[in-house]
Each structure stands twice: as C-alpha cells, then as structure tokens.
Amino acid sequence: MKDIYVIYWSGTGNTEAMAKAVGEGIESGGAHPVVMEVGSADPQMLSDASVFALGCPAMGSEELEEGEMEPFVSALEEFVSGKTVGLFGSYDWGDGEWMRIWAKRMEDAGAKVAGQGVTANNAPDEEALGACRELGEKLAQ
C-alpha cells in the first residue's frame, strides 16, 4: 500500500477537517494517507512522491499562509514537475481566487492539479467534505 502525503496549514480547524476528509478518501481508494501539519513536514519528503495533497486557507488578500505554507510551496516548485497534486482549503471572503492562483502556480511549475482544487466557505459542509473524500480517492488511483 503506497503512502500519499496530505500536508496542510490550518488556523481555525476548517482546513484540518478537509485534510482529514482527503485522508479518508485516500484510504477508501486503497492507499495509506499520511496527514500532517506543514510545520512537521519537510518539502524533501515529497521529492520522490508522484502524488500528494496540499491544503491551506485563503489568507490576507487571497494568498497562502506566509509563515509556513508559502515557503513550503516555494520549495516544492523546484521538483513538482510531472507530479499530481491535490489542492484544498477554506476561505471566508472573496470567491476562491487564491485557489485558482495556487492551481495555476502549480501547473506553471509542471504539476498536474487534480480537480483544480476543493474549496469551502468557512467551515466545510458535507458537500465540501465529500468533495475532499473524492479528491483523496482520485489521488489514490
């Protein structure tokens, strides 16, 4: 059973709940989820991975969290080409522009973004959690 990493940053628990749902989907898809906060992860852990998921809420003016997640994603850009990446996160205002920017950024670095990102407005409802589970299942295949 292959390991699939789900690395996330969460300030209020919303993105953490989404990360756990992605992990559930990975497990039901037949792989082993490794769900962890970005502060406990090293980008090099993903250098040999062909598929993984990243989660971060929208911060400030539709951007990634700057202290931990932004540096992590920047480091990934060096070797993300050819990999499949699932993106997810929550937001409070706007229309999810940060996710479109993040997906394009990963695609510009050569990654294939699975599903163009799963978003939830504030706390994820059952529809958003279901979309996270579906994302996890796709990543496991």
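Definitions and limits used
Residues numbered from 1 in each chain as written. Predicted model: local features only at pLDDT ≥ 70, side-chain atom pairs only at ≥ 80, totals over all residues. Heavy atoms only, no water. Salt bridge = Lys/Arg side-chain N within 4 Å of Asp/Glu carboxyl O. 1 Å grid on protein atoms, 1.4 Å probe; cavity = no way out; pocket = protein on both sides within 12 Å on 5 of 7 lines; lining within 4 Å. Points joined across faces, edges and corners; volume = space filled by probe spheres on them. Helix = DSSP H or I, 4+ residues; strand = E, 2+ residues; numbered from the N terminus. Nonpolar A, V, L, I, M, F, W, Y, C, P; charged D, E, K, R; others polar. Buried < 20%, exposed > 50% of the residue type's maximum accessible area, 1.4 Å probe, protein only. Pairing = 2+ DSSP bridges. Right-handed = clockwise from strand over helix to strand, strands pointing away. Arc of directions from axis to C-beta. Contact = heavy atoms within 4.5 Å. Polar contact = N/O pair within 3.5 Å; in protein donor to acceptor, adjacent residues only side chain to side chain. Lys, Arg positive; Asp, Glu negative; His and termini not counted.

A. Inspection of the pattern of salt bridges at higher detail. This structure, assessed with the given rule, holds seven salt bridges. Taken together, the salt bridges that share partners define one network made up of Glu 24, Glu 126 and Arg 133.

B. Structural view of the layout of surface pockets. Size it by volume and the largest pocket reaches roughly 160 Å³. As for the largest pocket, its lining consists of 14 residues, of which Thr 12, Asn 14, Pro 57, Ala 58 and Ser 90 are closest to the centre. Mapped onto the lining of the largest pocket, the elements with two or more residues apiece are helix H1 (14-28) and strand E4 (84-91). Its residues assigned to classes, the lining of the largest pocket comprises six nonpolar, seven polar and one charged.

C. Layout of the pairing of strand E3 (residues 51-55). E3 sits mainly inside the fold: five of its five residues count as buried. What you see with E3 is no split at all: Val 51, Ala 53 and Gly 55 on one side and Phe 52 and Leu 54 on the other are buried throughout. Bridge count between strand E1 (residues 3-8) and E3: three bridges; the pairing is parallel. Each residue of the ladder has a partner; that of Val 6, found in E3, is Ala 53. Both E3 and E4 contribute to a ladder of five bridges, which runs parallel. Residue pairing for E4: Gly 55 is matched across the bridge by Phe 88. Tracing the backbone out of E3, into helix H2 (residues 69-76) and back to the parallel element E4 gives a crossover that is right-handed.

D. Fine view of H2. All of the buried residues in H2 are Met 69, Phe 72, Val 73 and Leu 76. The arc that holds every buried residue of H2, seen down its axis, measures 95 degrees, which confines them to one face. Each element contacted by the buried residues of H2 is listed here: E1, E3 and helix H3 (97-108).

E. A look at the environment of Ser 10. For Ser 10, the position within the fold is in the loop between E1 and H1. For the pair Ser 10 and Gly 89, spaced 79 residues apart in the sequence, the C-alpha separation amounts to 8.6 Å. A distance of 3.5 Å separates the side chain of Ser 10 from the backbone nitrogen of Thr 15, its partner in a polar contact.

F. Quick peek at the side chain of Lys 83. Tracing the backbone through its elements, the reader meets Lys 83 in the loop between H2 and E4. Salt bridges are absent for the buried Lys 83, whose nearest opposite-charge side chain, Asp 48, sits at 6.1 Å. Engagement of the side chain of Lys 83 in a polar contact is seen with the backbone oxygen of Ala 49, the distance being 2.6 Å. Those residues in contact with Lys 83 that lie beyond four places of it in its chain are Leu 46, Ser 47, Asp 48, Ala 49, Ser 50, Phe 52, Ala 111 and Lys 112.

These figures capture arrangement, not role.
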